[in-house]
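Tertiary structure, described
So you can see what is in the structure, the chains are spelled out below.
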Amino acid sequence: MFIKPQNIFVFLFLCYTSICIAQTTAVIDSENKKVNQLFYYFNNGSETKAYREAHKSLRTFKSNNAITNTNLLLAYYHNRYVAIDSSIYYTHQALNSKKNVNDSLGVRLTILSYQLLALNNKNKGLYQESKKWHIKGAELSEKHNETNLYYTHLHGLASTYVTLGKTEEALELFEKCIKFSNDEELILGSYINLGSIYSS
């Protein structure tokens, strides 16, 4: 019995596709583990180690998810050490490297990126730019029911309004954070800011 050439081609194609999928899945899993390790270092006192390994890994990563998350980690690193322009650069790199904007992780990454852009621009004295990013972050958070991130952006926006001298808008947002947020730190910060506004 002879095997037709087109059947051999189909068989080889299926084998090749299966091997590629298996290798791709293994690469993605490996890179995700590495990214998790980098975030572990960063969040547990080994920021410099996370920074060095993130730069090395960024050159070798293939998956968009690993590249995006590593850029976001580097943005947070530079934000922590007030290297504002570098933090903004890596935040934009993270936003540009993510592919699926509509999945829940992509949405959270975008909202967190907007938070970083707002904070960095406020630190640079660009208050209107900070306001813009907080508004975008709040709108996206509200649209996707990201409640904690929504109130984080509202609180940041209120702080920016204080800096801009718009105390009525700031009061309204701080009071909204106190009334509806579940984040104790955010509520405490809102009370402190209200006290500061009322005492001045």
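Please read these numbers as outputs of a predicted model, since none were measured by experiment.

Rules used throughout
- Residues numbered from 1 in each chain as written.
- Predicted model: local features only at pLDDT ≥ 70, side-chain atom pairs only at ≥ 80, totals over all residues.
- Heavy atoms only, no water.
- pLDDT = per-residue confidence, 0-100.
- Helix = DSSP H or I, 4+ residues; strand = E, 2+ residues; numbered from the N terminus.
- Buried < 20%, exposed > 50% of the residue type's maximum accessible area, 1.4 Å probe, protein only.
- Salt bridge = Lys/Arg side-chain N within 4 Å of Asp/Glu carboxyl O.

1. Topic: the confidence of the model for the protein chain
Mean pLDDT over the protein chain works out to 85, with 86% of the residues at or above the 70 mark. Of all the helices and strands in the protein chain, helix H1 (residues 5-43) carries the lowest mean pLDDT, 65, while helix H6 (residues 127-143) carries the highest, 96.

2. Concerning unusual backbone geometry
Positive phi outside glycine occurs at Val 82, with the angle close to 55 degrees. Along the chain, the position of Val 82 falls in the loop between helix H3 (64-80) and helix H4 (84-97). Look at Val 82 and you get exposed, because its relative accessible area is 57%. We note that Asn 145 has phi near 55 degrees; this positive angle belongs to a residue other than glycine. Position of Asn 145 relative to the elements: it lies in the loop between H6 and helix H7 (147-163).

3. Considering the pattern of salt bridges
Per the counting criterion, the structure on display carries five salt bridges. With a closest N to O distance of 2.6 Å, Arg 80 and Glu 47 form a salt bridge. Here the residue Arg 80 occupies a position in helix H3, and Glu 47 occupies one in helix H2 (residues 47-60), the gap between them amounting to 33 residues. What makes Arg 80 partly exposed here is its relative accessible area of 41%. A residue is classified by how much of its surface remains accessible, and Glu 47, at 17% relative accessible area, is buried. Here Lys 132 ties to Glu 129 by a salt bridge, and the two come within 3.0 Å at their closest N and O atoms.

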